[in-house]
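Chain by chain, the residues:
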Amino acid sequence: MKLAIASGKGGTGKTTFAVNIAYVSAMRGERTRYIDCDVEEPNGHIFLQPHITDSVPVAIPIPEVDEALCTSCGECKRICQYSAITMILDKVIVFPELCHGCGGCALVCPTNAISEVPREMGVIEKGIIHLAGSDGASSAQSASGDAIDDSNPVQEQTETMPVVDLQAGTEKVFFDFVQGKMNIKESLAVPIIRKAKEYVLDEGVSIVDAPPGTSCPVIESVRGADFLILVTEPTPFGFNDLKLAVETLEQLDIPMGIVINRYGMGNEEVEKFCSERGLPILGRFPFERRIAEVYSRGEILSRELPDYREMIESLLDDVIAMLSRQPSGGKRGVGD
Amino acid sequence: MKEFVVISGKGGTGKTSIAASFVALSGHVVMADCDVDAADLHILLSPKIKHKETFIGGGLATIDPDLCTGCGDCEKLCRFDAISPMKVAVDGKGAIDSGVGTGGSAGGGEGIARKEEKLIYFVDKFACDGCGVCAYFCPANAIAFEEQENGEWYISETRFGPMVHAKLHAGAENSGKLVTIVKNEARKVADVEDIGMVIVDGSPGIGCPVISSVTGADLVLVVTEPTKSGVHDLERVLELTRFFNVKTMVTVNRFDINEEITERIEEKARENGAVLAGRIHYDPAVVEAQIEKKTVVEYSDGTASQDIKGIWDFVKYQMEEEE
Ligand code: SF4
Ligand code: SF4
Ligand code: SF4
Ligand code: SF4
C-alpha cells in the first residue's frame, strides 16, 4: 500500500500524521517505510530519529561545452526550454542552476561539442528506525552485550534491511526510513523527489510525506499512490489551501480522504466543503495544548498519547477498508 | 523604495497573518503575495482586481495517436519517464478505433501481435517536464509541444493600498518565475504610485519560489514557531538568507507553547547573525480575525496584536538603519 500525505500548505500537521501513521503501521507488524519527499524541509527524521545508514547523492546531468568543437551554431540555445544554455556573442554559456538535465542540447549539437557532467543537487538518506524506542531496542542490544547501540549491529541489519520481511512472531519490528534532502540554494526539488520515490516498497506499506503546496513537487510526490490523505485545519486559510489542493490533486485520480487537524478552532467551512464534494473525513483531531507540547518536543504522538494512537489506528483502518472497496488494478499505475 | 519580505521555513507559522498586519499598520504600502502556491493574503485583504494577466509557464508535449508510428524513440529520449506505450485497437485502415488501454505497465514487449492492434505512445501530462526534446526528435512529427497557461496574476486595490498577487493553476510549475513577476510588478506599482515600501508575503521552503522571493530584498523577517521542526527549518532558511546576504530578523510565533525551544531558536538565530525581532504570544484572536476577514491588528487589541505592533516598530527602525 502506498499512502501519500499532503496538504495545501505546510504547518497543518502533515508530517505529524505521516509519521504517526507510519509508526502505527509498523507497530502492527507491517513492513513499513516512511519516505520524506518534503525535500526542502524534511522533518520526519526529527520524530522518527532514524539511524542513517546510507547516503546517496542525487545529481542531474548538465552540459559542458568544449569550446574547441563549438561552431556557435546556436542549436543548443534553441532547444533549451529553460534558458539554461545561451549565447553571448559567439560564446555558449551554461547556467547550471537553471538546467533540468533534459539532455536536449547535447543531442542537437551537430559537432558533439557538448558532453554531460553530473551536478549534485541533493541527497537521499536511508536509515532504520528502532520502533520500540528505548525499551524494545535496548533489551535486544543489551542481550548482545552492547551497552549503547553503536553503528555496528545496526550496520549488519542494514545489509539485509531492504528485503527483510517481518517474520510472524519476531519481536523486533523493522521500520525504515528514506528522505530526500535538497541542497540549500538549489531550486529544483523534483529530481530529488523522483529519486526518493524509487524507494517506494513493492510490498508492505510506504508512507510518502509530500511537500506542501499545489505545484509540481506535490504532484510528483503523490503520483502513483494508492490513496491520498490531505491534512487541513478548519480555518479560512486552511480551507482555502485545501480547496486548491483538492483541485490540483483530484486530477491524479487517486482516492482521497481528509484529516482535520486542530479541530475545534475556526469554523465549519472545511466540513461543508468535504460533504459537498463527497470527500470522506478520516479524522478530526482536536486542538489541545498537551498535543502541541508533545509535538513541540519532537516526540511521536502515538507513542506518548494512547488516545491519539487509537485515532490513528482507526484512521488507518478506514483507509484500508476504503482501498479494499476500490476496484483494484485500475489504469492508475502509469508512473510506476 | 524598500522591500521587506516575510518568510517562514515551512508554512502555517502565521506568516501571512503577520504580513497582513504589517500592511495594515504601515498605512500605505504595496503588498505582494508571493506565496503563489497557496495564496491566502487575499482572504484578509479582500482585494478588488483592477488588472489581470495570464501567466505563460512551460510547455507540454502531446502525442497525436493517429500520427504516432510506435517507434518508441520518444520514450527513450524522455528523461522524466513521462512517455509510455499503450496498445490500441485500430480499424482496417489503421485508424484508431477506441482506446483499449492496457495500462502503461504492460511494458509493450510483445509488440504488435495481432493486426487489429497498434502500439502507440502517450505522454503523462503530470510527469512531463516540458523540455520539448521528444517533440523535436519524433521522426513522424507526431508530437505537439505547446506553451501552457499556468496561471494568472493580478494588480488589485485593497483598503490599505495596491496589491499584486497571483494564482497558479492546479499542479502547474514554474512558480519561481511567477513569484518573480509578482515582485517585479509590485515594484513597478510602487514606482508609479510613488510608494516607499513593498511588503512581500514570501513563499515557504528553501526552493525556487523562496529564492525568487528573497532575491533583491532589503530586509527579511523569518516567522518561526517553537517546535523541534521549527529549529531545524530555521537553520536551513538562515543558511539561505545568509547566502543571499540579506539582513534577516527572526520572530518566534506562539512562543508560549514551548519557551525552552523558543530560547533555543533565538540562540540559533543569533549564532547565525540574525536579529531577534521579538516574540508573539499564542492568541486565538489570530484565527478569529481570519474568520472575520480582518488582520489581527484590526480585529483585536490582545496579546498577539500588541506583539506584532512592537515588531513592526522594530522593523521600521531596522529599515531606517539600512539607509
Ligand atoms: S540539458 Fe536540457 S535544460 Fe540543461 S541546458 Fe541542455 S537543453 Fe537546457
Ligand atoms: S549546438 Fe553545439 S556547436 Fe552549436 S552552439 Fe551549441 S555547443 Fe556550439
Ligand atoms: S517518437 Fe513519435 S512516432 Fe515514435 S513513438 Fe514517439 S510519438 Fe510515436
Ligand atoms: S517534453 Fe520532455 S518531459 Fe515532456 S514528454 Fe517530451 S521528453 Fe518527456
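Let me sum up the structure you'll find in this document. Just so it is clear, the structure is predicted and the values come from calculations on it, not from any experiment.

**Some remarks on the packing of aromatic side chains**
Residues and elements named next belong to chain A. Applying the stated rule across the entire model yields eleven aromatic pairs over all chains. Measuring from centroid to centroid gives 5.8 Å for Y34 and F177, while their planes differ by 20°, and the two rings are stacked. One end of the pair, Y34, is in strand β2 (residues 32-36); the other, F177, is in strand β7 (residues 174-182), with 143 residues separating them in the sequence. Relative accessible area serves as the criterion here: at 0%, F177 is assigned to the buried category. Grouped by ring-pair contacts, the aromatic residues F17, F285 and Y308 constitute a single cluster.

**Regarding the pairing of β2(A)**
Residue and element names in this part refer to chain A. With five of its five residues buried, β2 lies for the most part within the structure. Residues T32, Y34 and D36 line one face of β2 and the alternating positions R33 and I35 line the opposite face, and both faces are buried. Bridge count for β2 against β7 is five bridges, and the pairing is parallel. When the bridges of β7 are listed, T32 appears paired with F175. Strand direction decides the pairing type here: β2 and strand β8 (residues 205-209), joined by five bridges, are parallel. When the sheet's bridge partners are listed, T32 is paired in β8 with V205.

**A closer look at the packing of helix α7 (residues 228-243) of chain B against helix α8 (residues 259-271) of chain B**
Residues and elements named next belong to chain B. The geometry of α7 relative to α8 is characterised by a closest axis approach of 10 Å and an angle of 10° between their N-to-C directions. For the element pair α7 / α8, the angle class is roughly parallel. Residues K228, G230, V231, L234, E235 and L238 of α7 lie in contact with α8, whose contacting residues are I261, I265, K268 and A269. Considered class by class, the residues forming the contact of α7 with α8 number six nonpolar, one polar and three charged.

**What to know about the side chain of N261(A)**
Residues and elements named next belong to chain A. Structurally, the position occupied by N261 is in strand β10 (residues 256-263). Accessibility expressed as a relative area gives 11% for N261, which makes it buried. Not counting residues within four places of it along the chain, the set of residues in contact with N261 comprises T12, G13, F17, V231, T232, E233, P234 and F285.

Cut-offs and rules
Position labels on residues start from 1 in each chain and follow its written sequence. Chains carry letters from A onward and ligands carry numbers from 1 onward, assigned in written order. It should be noted that, the model being predicted, local features are given only for residues of pLDDT at least 70 and side-chain atom pairs only at 80 or more, the latter also being counted only at that level, while totals for whole chains, interfaces and linings use all residues. Each side-chain value is worked out from all heavy atoms of the structure, with water and hydrogens disregarded. Planes of paired rings set the category: under 30 degrees apart is stacked, over 60 is edge-to-face and the rest tilted, where pairs are Phe, Tyr or Trp rings (Trp by its six-membered ring) whose centres lie within 6.5 Å. Secondary structure elements follow DSSP: runs of H or I of four or more residues count as helices, runs of E of two or more count as strands, with numbering from the N terminus. The rule is simple: take the accessible area with a 1.4 Å probe, protein chains only, and divide by the maximum for that residue type; under 20% is buried, over 50% is exposed, in between is partly exposed. Two strands are said to pair when DSSP picks up at least two bridges between them. Only the stretch in contact is used when a helix axis is fitted, and all axes are lines through C-alpha atoms; the angle between N-to-C directions ranges over 0 to 180 degrees. Relative orientations are named as follows: roughly parallel for angles under 35 degrees, roughly antiparallel for angles over 145 degrees, roughly perpendicular for angles from 65 to 115 degrees, and oblique for any other angle. Every residue pair with non-hydrogen atoms within 4.5 Å of one another is taken to be in contact. Under this grouping Gly is polar, as are all residues other than the nonpolar Ala, Val, Leu, Ile, Met, Phe, Trp, Tyr, Cys and Pro and the charged Asp, Glu, Lys and Arg.

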